[in-house]
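Residue strings, one per chain:
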Amino acid sequence: MLKGVYFITDSSFGSHEELARRVLDLGVRIIQFREKKMNDREKLRIARNLRELTDSYDALLIINDRVDIAIAADADGVHLGQEDLPVGVVRDLFDGIVGVSVHSVEEAKKARIADYLGIGPVFKTTTKEDARDPIGVSGLRKIIREVEIPSFAIGGINADNVLEVLRCGVSGVAVVSALVGDRAKDFIEIVNKFLK
Ligand code: TZP
Ligand code: MG
């Protein structure tokens, strides 16, 4: 299941539920709920809505940052950044998928006990306000060489550049904007055709 197109919700493009439903209808089977602003009650309510929705499509639900919300919403996994709880700590608390964002070979080596890595940003992105400097496809290749767990490239990936990313040997690509525009269907087709 940790393969293919991985969609991350972002409320600047619409409601989390609407965005998720749209990509689920297009065949995406990994959804991450990412929300940095709402209070915890709101986050939990949306996470539970997304749980119901993803269950009905037999899709994975991953919660960004928060293992407590992941547990309370019965999500499949949690996605951790470099400033969130360490993967070893989260493993002890949560019996589910644990993903970690990495930006360098050093971070990737430390995150080896995760179930998958999010590697990037590969390209410049305007979606994440505090995104780090792009690592490029060369940086992506260097990291992939060092790890054996599934890896999703992230950051500025679109229908025009996704093939060069896929050729690096990633398990999939994690995106926001590529799936909120009108080229969403093309994007998914390109990825699925390459990875099949
Ligand atoms: N983490 C690194 S880049 C990014 C996140 C959440 C945003 C990716 O969005 P887009 O629109 O696919 O560049
Ligand atoms: Mg985080």
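Just so you know, these numbers come straight off a predicted model, no measurement behind them.

1. Remarks on the side chain of Arg34
And step 1. Relative to the elements of secondary structure, Arg34 occurs in the loop between strand 2 (30–33) and helix 2 (40–56).
And step 2. The residues touching Arg34, leaving out its near neighbours within four places in the chain, are Ile8, Thr9, Asp10, His16, Asn64 and Lys128.

2. Some thoughts on the site of ligand 1
And step 1. Close to ligand 1 lie Arg34, Thr125, Thr127, Lys128, Ile154, Gly155, Gly156, Val175, Val176 and Ser177.
And step 2. Side-chain polar atom of Thr127 to an oxygen atom of ligand 1: 2.5 Å apart, as the coordinates give it.
And step 3. Here an oxygen atom of ligand 1 and a backbone polar atom of Gly156 are 2.7 Å apart.
And step 4. Notes on ligand 1: free accessible area 380 Å², of which the protein chains cover 93%.

3. Details of the pairing of strand 6 (residues 116–119)
As a general feature of sheets, a regular strand has side chains that alternate between the two faces.
And step 1. Residues of strand 6 alternate between two faces, with Tyr116 and Gly118 on one and Leu117 and Ile119 on the opposite face, all of them buried.
And step 2. As paired strands, strand 5 (residues 97–102) and strand 6 are joined by four bridges and run parallel to one another. Note on strand 6: the bridge partner recorded for Ser101 is Gly118.
And step 3. Of the strand pairs in this sheet, strand 6 and strand 7 (residues 151–154) are connected by three bridges, and their pairing is parallel. Bridge pairing links Leu117 to Ser151 in strand 7.

Calculation rules
Residues take numbers from 1 onward in each chain, read along the sequence in its written order. Here chains are named by letter from A upward and ligands by number from 1 upward, in the order in which they appear as written. Where totals are concerned, whole chains, interfaces and linings use all residues; where local detail is concerned, this predicted model gives features only for residues with pLDDT of at least 70, and gives and counts side-chain atom pairs only at 80 or more. The side-chain figures draw on all heavy atoms in the structure; neither hydrogens nor water molecules are used. Secondary structure follows DSSP: runs of H or I at least 4 residues long count as helices, runs of E at least 2 residues long count as strands, and numbering of each begins at the N terminus. We call two residues in contact when some of their heavy atoms are within 4.5 Å. For this description, a residue counts as near a given molecule or strand if any of its non-hydrogen atoms is within 4 Å of it. Pairs of N or O atoms are called polar contacts if they sit within 3.5 Å, as long as, within protein, a hydrogen donor faces a hydrogen acceptor (for residues adjacent in sequence, only side-chain-to-side-chain pairs). Using a 1.4 Å probe, the Shrake-Rupley method yields the accessible areas, and only the shown protein chains count as cover for residues. Whether a residue is buried, partly exposed or exposed follows from its accessible area with a 1.4 Å probe, protein chains only, as a fraction of its type maximum: under 20%, in between, or over 50%, in that order. When DSSP locates at least two bridges between a pair of strands, those strands are taken to pair.

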